[in-house]
Amino acid sequence: MLQVAGCLRHVSTVEEKKDIVSDYLRWYIIARNLSVIDRFKEGLSALNFLSALQQHPTLLSPVLCHMEKKLTALELERLFKPDFSPSGSNRRHLESQTVGYWSDYLLDCEESQTAVSVGDVLMFATGLTSLPPSGLDPLPSLQFLDDSLFLMANTCLNLLKLPMITSYSVFKSNMDFGIQNSPGFGCF
């Protein structure tokens, strides 16, 4: 590899060794990929985006660079859209109550009044540790279970199924139990 990179030479001191390593890394990272980098820069220049990026790097940084920020209960609540039954039905009333419990539960998670965090809820429902900059596809949704005491998730569909329980304390403890006992993707 050193010969391909043009760095193969006799080494007699530690400094020469460091120089060879530096030259090799420069070749491996930059020179070897120079044509790809040039094509990328040409593409950015097509709409004068490259010059705007060079003139205002800090302005465009949030758009181009992912920066993880702390997830809030409100963000997670707004992210998951409930799939309600028809308005006026008995089931719809229970679903509305469950959505209220869901909102309260997320606030409790944010305020560390539960055994799990808001991030743990996101991981359970989507398999993600944070929200990606481009958003989620498919959009996350909530469905309701009347035949289970514990929540379920389909991470491929970003679907969270909440149990319809009439007591918030039971809902909260069952949510904690369900999330804690289903470690996801080796990230817990």
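What you see is a predicted model, and the numbers here were worked out from it, not measured in a lab.

## Description of the environment of methionine 152
For methionine 152, the location among the structural elements is in strand E3 (residues 152–154). Distance from methionine 152 to proline 163, taken between C-alpha atoms, is 8.4 Å for residues 11 residues apart in sequence. The residues contacting methionine 152, other than those within four sequence positions of it, are Phe124, Leu145, Leu159, Leu160 and Lys161.

## So, the packing of helix H7 (residues 90–110) against helix H9 (residues 168–180)
Axis separation between H7 and H9 bottoms out at 10 Å; the angle between their running directions is 60°. Classified by the interaxial angle, the pair formed by H7 and H9 is oblique. The two elements H7 and H9 cross, and the hand of that crossing is right-handed. The residues of H9 that touch H7, namely those facing Thr98, Tyr101, Trp102, Asp104, Tyr105 and Asp108, are Tyr168, Phe171, Lys172, Met175, Asp176 and Ile179. When its residues are assigned to classes, the contact of H7 with H9 shows seven nonpolar, one polar and four charged.

## Topic: the packing of aromatic side chains
Enumeration according to the criterion identifies 10 aromatic pairs in this entry. Measuring from ring centre to ring centre gives 6.3 Å for tryptophan 27 and tyrosine 28, while their planes differ by 55°; the resulting arrangement is tilted. On the basis of relative accessible area, tyrosine 28 is assigned to the partly exposed category, the value being 35%. Three or more aromatic residues link up through ring pairs in this structure, and these residues are Tyr101, Tyr105, Tyr168 and Phe171. Of note, arginine 32 hangs over the ring of tyrosine 28, and the distance from its end group to the ring centre comes to 3.9 Å.

## Description of the UniProt feature "active site" (unreviewed entry) in the protein chain
Residues given the UniProt feature "active site" (unreviewed entry) here are Cys156. Structurally, cysteine 156 can be placed in the loop between E3 and strand E4 (159–163). According to the relative accessible area criterion, cysteine 156 is exposed, its value standing at 66%.

## Quick word on the sheet that holds strand E1 (residues 81–82)
Strand order in the open sheet made by the four strands is E1-E2-E4-E3, with mixed pairing throughout. Since the sheet does not close on itself, it has two edges, and those belong to E1 and E3, each with one partner. Strand direction decides the pairing type here: E3 and E4, joined by three bridges, are antiparallel. Looking at the pairing, methionine 152 lines up with lysine 161 of E4. Relative to the sheet, H7 contacts E1, strand E2 (141–145) and E4, its axis offset from that of E2 by approximately 120°.

The rules behind these values
- Residues numbered from 1 in each chain as written.
- Predicted model: local features only at pLDDT ≥ 70, side-chain atom pairs only at ≥ 80, totals over all residues.
- Heavy atoms only, no water.
- Helix = DSSP H or I, 4+ residues; strand = E, 2+ residues; numbered from the N terminus.
- Contact = heavy atoms within 4.5 Å.
- Axes fitted to C-alpha atoms, helices over the stretch in contact; angles between N-to-C directions.
- Parallel < 35°, antiparallel > 145°, perpendicular 65-115°, else oblique.
- Left-handed = near helix turned anticlockwise from the far one by under 90°.
- Nonpolar A, V, L, I, M, F, W, Y, C, P; charged D, E, K, R; others polar.
- Phe/Tyr/Trp six-rings, centres within 6.5 Å; stacked < 30°, edge-to-face > 60°.
- Buried < 20%, exposed > 50% of the residue type's maximum accessible area, 1.4 Å probe, protein only.
- Lys NZ or Arg CZ within 6 Å of the ring centre and 35° of its normal.
- UniProt positions renumbered as here; feature names shortened; annotations may be inferred.
- Pairing = 2+ DSSP bridges.

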